[in-house]
Amino acid sequence: PMKKQIEQTAVAILGLALLLPGCGPKVHNTQLTPVTVLAKRPAKPKPKMVVKKIEISDRIEFAVNKARILSVSFDVLDGVVEVLEQNPQIELVEIGGHTDARGKAKRNRRLSHRRAKSVRSYLIDKGIAAHRLVIKGYGPDRPVDDNSTAEGRQRNRRVEFTILERTVEPET
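All values reported here derive from a predicted model rather than from experimental measurement.

Caption draft 1: Spotlight on the confidence of the model for the chain. With 68% of its residues at a pLDDT of at least 70, the chain reaches an overall mean of 80. By mean pLDDT, the top-scoring element of the chain is helix H3 (residues 105-125) (97), and the lowest-scoring one is helix H1 (residues 2-19) (42). Note on residues 2-30: pLDDT is under 50 here. Beyond four places in sequence and across chains, it has four contacts.

Below is the structure:
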């Protein structure tokens, strides 16, 4: 809001300067060369550890109605590996799979369980100790949004990383 207000003020001052005789910028007949500015997209934030969870910046994507993790999600999962490697005090993490409410609840619980199991296998393959990871398929039982909209259903289809046990940090 402040940046927008400053931009609006600058535009208003420039406009006023153009109206006053002799106060505006001088215009010369020169050729202007177009300039292209390429800006990199900001990198997605790395997963971060909060009090009870490891929050991820993006969704973990799976093949439709399958437990196969899509390659677009490997970077996100590699970030989770990094957090777990850098925080050995995190002793136990639950990988919770969630679905939307479409379809039969029992089938969705099985699917979410298989997806959580796939994520666990990925993390183990990347070097995380198996005893640090447990899985739970919640299916549609813990929605975070309204299942009556496409956006809500998409938010409900997720994987969460809940920290169940951690050692106490020694005081320095």
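Caption draft 2: Representation of the pattern of salt bridges. Scanning the entire structure with this criterion turns up eight salt bridges. In this structure, Lys 53 engages Glu 160 in a salt bridge whose closest nitrogen and oxygen atoms are separated by 3.7 Å. One end of the pair, Lys 53, is in strand E2 (residues 53-55); the other, Glu 160, is in strand E5 (residues 158-166), and 107 residues separate them in sequence. Classification of Lys 53 as partly exposed rests on a relative accessible area of 30%. Between Glu 160 and Arg 158 there is a salt bridge; the shortest N-O distance is 3.1 Å. The exposure class assigned to Glu 160 is partly exposed, which follows from its relative accessible area of 22%. On the basis of relative accessibility, which here comes to 15%, the residue Arg 158 falls in the buried class.

Caption draft 3: Just the environment of Asp 141, in detail. Inspection of the secondary structure assignment puts Asp 141 in the loop between strand E4 (133-139) and helix H4 (150-156). Under the relative-accessibility criterion, Asp 141 is labelled partly exposed at 44%. Taking C-alpha positions, Asp 141 is 8.2 Å from Ala 101, a pair spaced 40 residues apart along the chain. Looking at Asp 141, its side chain comes within polar contact range of the side chain of Arg 109, at 2.7 Å.

About the thresholds
- Residues numbered from 1 in each chain as written.
- Predicted model: local features only at pLDDT ≥ 70, side-chain atom pairs only at ≥ 80, totals over all residues.
- Heavy atoms only, no water.
- pLDDT = per-residue confidence, 0-100.
- Helix = DSSP H or I, 4+ residues; strand = E, 2+ residues; numbered from the N terminus.
- Contact = heavy atoms within 4.5 Å.
- Salt bridge = Lys/Arg side-chain N within 4 Å of Asp/Glu carboxyl O.
- Buried < 20%, exposed > 50% of the residue type's maximum accessible area, 1.4 Å probe, protein only.
- Polar contact = N/O pair within 3.5 Å; in protein donor to acceptor, adjacent residues only side chain to side chain.

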